[in-house]
Amino acid sequence: MTSTQTAPDLDLDVLIIGAGFGGIHQLHHLRKMGLKAKIFEAGENLGGTWYWNTYPGARVDTDLPAYQLSIPELYKDWTFSEKFPDYRELQAYFAYADQKLDLRKDIFFDSRVKEASWDEKEGKWTILTENGKVAKAKLFLMCTGIGSKHYVPDIKGLDTFKGECYHTARWPKEKVDWKRKRVGVIGTGASGVQVIQEVAPDVDHLTVFQRTPNMALPMRQEKVSKETQDKMKEELYPTIFRRLRQTFGGFAYHLITEKGTMDATPEERRLLWETYWEQGGFRIWVANYADIFTNQVANDQVYAFWRDKTRDRLKDERMKEKLAPMVPPHPFGTKRPSLEQRYFEVFNQPNVTLVDLNETPIEQITEKGVRCKDGTEHELDILVLATGFDAVTGGMTAIDVKGSDGESIGYKWKDGVATYLGMTVTTYPNMFFLYGPQGPTGLSNGPSSVEMQSEWILDCIKYMLDNGYKRVEADTTAEAKWRDWVMELTEQTLFPLAKSWYMGANIPGKKIQPVNFAGGVPTYYQHITEIAQKRYEGLIFE
Ligand code: N01
């Protein structure tokens, strides 16, 4: 730890990393509890993921009103314009939250944390930023989110490209002009799909480098009037916000558990899926028969439905097979499907090339563009890397967080993640995290999970204060049991069959293992609530 003086105003009760949904929820409530709390935030403004992800077409895939905090003084006076708001509106929402809750006075922007270490004697964490700020705090909360460490693949020659090159999660704040340019996009995950459909109408030529097709679902975007929202706020919002903890993915709709896919008649299944298709959103993924995640036969049925619908939108036989192959590349829904607005129609445009990287991998990036193994050099003016994140754990392991034994968390997790309840880690006393590994996280709607865990952590802190405890740490046996449960839940599903960030499989060399709790939000919520009722069983207080 660098020896730098701690400013007196940074001797805190709580230091939080990150001013996204999690960080601001914590800050607001900790201050209400009378605690001295501050946030270190790497960006120059609030918003977390919505500060960084400003690529063309970036918008959220959760429909109104589930993608916001359920704090009444926030939602009562705020109006979104569309069912699926874009990044500009989400940034405006955070600016509004900032002003309404008076947050900024307790946030240090442009303050990327590089180290944090626990001092047993002092009973405090020391947290150090890259630009030399030092805070000491009794409690340390990591609200780093699932996508704060973007992933740039190690492709030969990447730094030799003479055109413009941007990762979607580091999109420049100044305007990028793609009109009448030759644009290439590597990656067809949620970010890739959105960029592709947004830029396609304006480019001279678009080249999409695809490794795995995205089983994208229709979004069915709609404008939503202020009157509609105001009416819903009074009558429905509190019910919907409560409902978010009763559904598998923390959305306003739930998996069907009463019967399996094959127990339904073909007509019944078809009508359900047709209805979902027309309604749009994630329904066909997270409001489907629950056994699509465990039963290959059931999964094949829903894949076939999706494939046929998608192929109908494509004109060219090759495009049909590349984008919606007859044989699924992985079980439906075991990689996150995107929501799309006109994605598949892009591939009917004459000026769009789809390069299948399984047939002809990228050999190297050249000064002019991308050269593939078949010898073709795809010349480009702009290269977009929509290559994702070292998701869920990456934001935490990017920081040298040293616990009571001096071991860095990245080292501790090198052979696999272990946490207790997806919120604490043994040997890291007085440290909590939310929306991270081994919680419902990537399998759930962000704000739903964030609020559920944030409230639990706040209650736990209150319990410590009420009982005069100064130190809390997860018990090793409790942690091992939690890890085993997380593994077991995923092993019962088809998720391990996909090479996805859900399994840590998108980052070369990363341990392949489930990073999310696959038991669903209600099971998770019930479990953590019972743990709290049992005086936080599995946590050791001193
Ligand atoms: O990242 P991804 P993302 N050569 O990892 C490909 C959230 N999010 O930023 O699938 C060539 O999903 C990779 O190929 P493959 C959301 O939770 C939400 O799109 O590994 N290609 C894949 O196609 C989401 O799930 C929203 O075969 C390479 C792509 O890059 C998560 O963030 C919007 C490659 C990466 O896809 C991540 O989404 C955006 C290589 N070396 C993000 N390396 C919304 O709510 C990787 N790829 C709308």
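Residues numbered from 1 in each chain as written. Predicted model: local features only at pLDDT ≥ 70, side-chain atom pairs only at ≥ 80, totals over all residues. Heavy atoms only, no water.

**Re the overall build of the protein chain**
Basically, it comes down to this: For helices the rule is a DSSP run of H or I covering at least 4 residues; for strands it is a run of E covering at least 2, with both sets numbered from the N terminus onward. The globule rule used here is 2.2 Å times the number of residues to the 0.38 power, and the radius of gyration it is set against is calculated over C-alpha atoms. Throughout this description, buried means an accessible area under 20% of the type-specific maximum (1.4 Å probe, protein chains only), exposed means over 50%, and partly exposed covers the range between. It only takes one pair of heavy atoms within 4.5 Å for two residues to be counted as in contact.
Across its full length, the protein chain carries 17 helices and 20 strands. Relative to the globule expectation of 24 Å for 542 residues, the C-alpha radius of gyration of the protein chain, 23 Å, shows essentially globular dimensions. Structurally, the protein chain occupies a C-alpha span of about 70 × 55 × 50 Å along its principal axes. When the 542 residues of the protein chain are sorted by exposure, 60% land in the buried category. Relative to all contacts within the protein chain whose residues are 6 or more apart in sequence, the contacts with residues 24 or more apart total 71%.

**Topic: the packing of helix α1 (residues 21–32) against helix α15 (residues 446–466)**
Let me state the cut-off plainly: Axis definition: a line fitted to C-alpha atoms, over the contacting stretch in the case of helices. Angles run 0 to 180 degrees between N-to-C directions. With the far helix as reference, a near helix turned anticlockwise by less than a right angle produces a left-handed crossing, and one turned clockwise produces a right-handed crossing. Polar here means any residue outside two lists: the nonpolar Ala, Val, Leu, Ile, Met, Phe, Trp, Tyr, Cys and Pro, and the charged Asp, Glu, Lys and Arg; Gly therefore counts as polar.
Contact geometry of α1 with α15 gives a least axis separation of 9 Å together with a crossing angle of 35°. As α1 packs across α15, the resulting crossing turns out to be right-handed. Where α1 abuts α15, its residues F21, G22, H25, Q26, H29 and L30 lie against P447, V450, E451, S454, E455, I457, L458 and I461. Among the residues forming the contact of α1 with α15, the class breakdown is 7 nonpolar, 5 polar and 2 charged.

**A short note on the site of the ligand**
Formally: A molecule or strand has a residue near it when one of that residue's heavy atoms lies within 4 Å. Pairs of N or O atoms are called polar contacts if they sit within 3.5 Å, as long as, within protein, a hydrogen donor faces a hydrogen acceptor (for residues adjacent in sequence, only side-chain-to-side-chain pairs). Surface accessibility in these figures is a Shrake-Rupley result with a 1.4 Å probe; residues are shielded only by whichever protein chains are displayed.
Lining the immediate environment of the ligand, one finds 23 residues, of which R59, A190, S191, T212 and K335 sit closest. Here D61 contributes a backbone N or O atom positioned 3.3 Å from an oxygen atom of the ligand. In this structure, K335 approaches the ligand through a side-chain N or O atom, which is 2.8 Å from an oxygen atom. Summarising the interface, the protein chains cover 86% of the accessible area of the ligand, which totals 910 Å² for the free molecule. For the shell around the ligand, the leading source of residues is helix α5 (residues 190–199), giving 3 residues. Looking at the shell around the ligand, its residues break down into 10 nonpolar, 8 polar and 5 charged.

**Describing the pattern of salt bridges**
Under the convention used in this document: Salt bridges are defined by distance alone: a side-chain nitrogen of Lys or Arg within 4 Å of a carboxyl oxygen of Asp or Glu.
Enumeration over the complete set of coordinates arrives at 42 salt bridges. With its nearest N and O atoms 2.9 Å apart, the salt bridge here joins K309 to E274. Taken together, the positions of K309 in helix α10 (residues 296–311) and E274 in helix α8 (residues 266–279) put the pair 35 residues apart, joining distant regions of the chain. With its nearest N and O atoms 3.8 Å apart, the salt bridge here joins E363 to R371. The class of E363 is partly exposed, set by a relative accessible area of 39%. A residue is classified by how much of its surface remains accessible, and R371, at 26% relative accessible area, is partly exposed. Because the salt bridges share partners, they merge into one network encompassing R31, K38 and D106.

**What about the pairing of strand β12 (residues 352–356)?**
Here is the rule: A pair of strands is treated as paired once DSSP finds two or more bridges between them.
Among the 5 residues of β12, 4 are classified as buried, and the element is accordingly described as predominantly covered. Pairing of strand β9 (residues 205–210) with β12, which is carried by 5 bridges, proceeds in the parallel orientation. By the bridge assignment, L206 is partnered in β12 with V352.

**So, the environment of A324**
Residue placement: A324 occurs in the loop between α11 (317–323) and β11 (339–340). Among the residues examined, A324 registers a relative accessible area of 0% and is labelled buried. Separated by 15 residues in sequence, A324 and K309 place their C-alpha atoms 9.3 Å apart.

**Thoughts on the nonpolar core**
Applicable threshold: For our purposes a nonpolar core is just a set of buried Ala, Val, Leu, Ile, Met, Phe, Trp, Tyr and Cys residues, chained together by side-chain atoms within 4.5 Å.
Counting residues in hydrophobic clusters, the biggest one holds 125 residues, and the most contacted among them are L206, F332, F347 and W456. With 9 residues, α15 is the single largest residue contributor to this core. Among residues more than four places away in sequence, those in contact with W456 are L421, M423, F432, I528, T529, I531, A532, Y536 and L539. With 24 residues, the next largest nonpolar core counts I17, W118, I127 and A135 among its residues.

**Brief notes about unusual backbone geometry**
Backbone torsion omega between L64 and P65 reads 5°, so that peptide bond is classified as cis. Turning to its location among the elements, P65 is positioned in the loop between α2 (49–52) and α3 (72–75). Positive phi, normally seen in glycine, also occurs at R180, with a value near 55°. Relative to the helices and strands, R180 resides in the loop between β7 (164–167) and β8 (182–186). A positive phi angle, near 70°, is found at T427, a position not held by glycine. Mapping T427 onto the fold places it in the loop between α14 (409–412) and β18 (431–433).

**Looking at the packing of α15 against helix α17 (residues 521–533)**
Heads up, the rule is: These descriptions rest on fixed angle ranges, namely under 35 degrees for roughly parallel, over 145 for roughly antiparallel, 65 to 115 for roughly perpendicular, and the rest for oblique.
The contact between α15 and α17 brings their axes to 11 Å, and the two run at 5°. Judged on the interaxial angle alone, α17 and α15 are roughly parallel. Between α15 and α17, the contacting residues are M452, Q453 and W456 on the first element and V521, Y524, Y525, I528, T529, I531 and A532 on the second.

**Digging into the environment of K231**
Mapped onto the elements of the fold, K231 is located in helix α6 (residues 226–235). For K231 and S70, which are 161 residues apart along the polypeptide, the C-alpha to C-alpha distance reads 16 Å.

**Some words on the confidence of the model for the protein chain**
Applicable threshold: pLDDT expresses how confident the predictor is about each individual residue, on a scale running from 0 to 100.
The predicted model of the protein chain has a mean per-residue pLDDT of 97, with 99% of residues at 70 or higher. The element-level mean pLDDT for the protein chain is lowest in α6, coming to 94, with β8 highest at 99. Here the complex is predicted with pTM 0.97, and the ipTM for its interfaces comes to 0.99.

**Observations concerning the sheet that holds β8**
A sheet is described by the order of its strands in space; here 5 strands give the open sequence β7-β16-β8-β9-β12, paired in parallel fashion. Across the chains shown, the open sheet's two edge strands, defined by having one partner strand only, are β7 and β12. Averaged over all adjacent pairs, the angle separating strand axes in this sheet is 15°, with direction ignored.

**Considerations on the packing of aromatic side chains**
The condition is simple: Under the pairing criterion, centres of Phe, Tyr and Trp rings, with the six-membered ring standing for Trp, must be within 6.5 Å; the plane angle then separates stacked pairs below 30 degrees from edge-to-face pairs above 60, leaving the rest tilted. When the NZ atom of lysine or the CZ atom of arginine is within 6 Å of a ring's centre and also within 35 degrees of its normal, the charge is said to sit over that ring.
Applying the stated rule across the entire model yields 41 aromatic pairs. A ring pair is formed by F21 and Y93, whose centres lie 6.2 Å apart and whose planes are at 45°; its orientation type is tilted. Residue F21 is located in helix α1, and its partner Y93 is located in helix α4 (residues 87–101); the two are separated by 72 residues in the primary sequence. Judged by its relative accessible area of 9%, F21 falls in the buried class. Grouped by ring-pair contacts, the aromatic residues F21, W50, Y67, W78, F80, Y93, F94 and Y96 constitute a single cluster. The ring of W52 is capped by R170, whose NZ or CZ atom sits 4.2 Å from the centre of that ring. Directly above the aromatic system of Y411 lies the positively charged group of K414, at a separation of 4.3 Å from the ring centroid.

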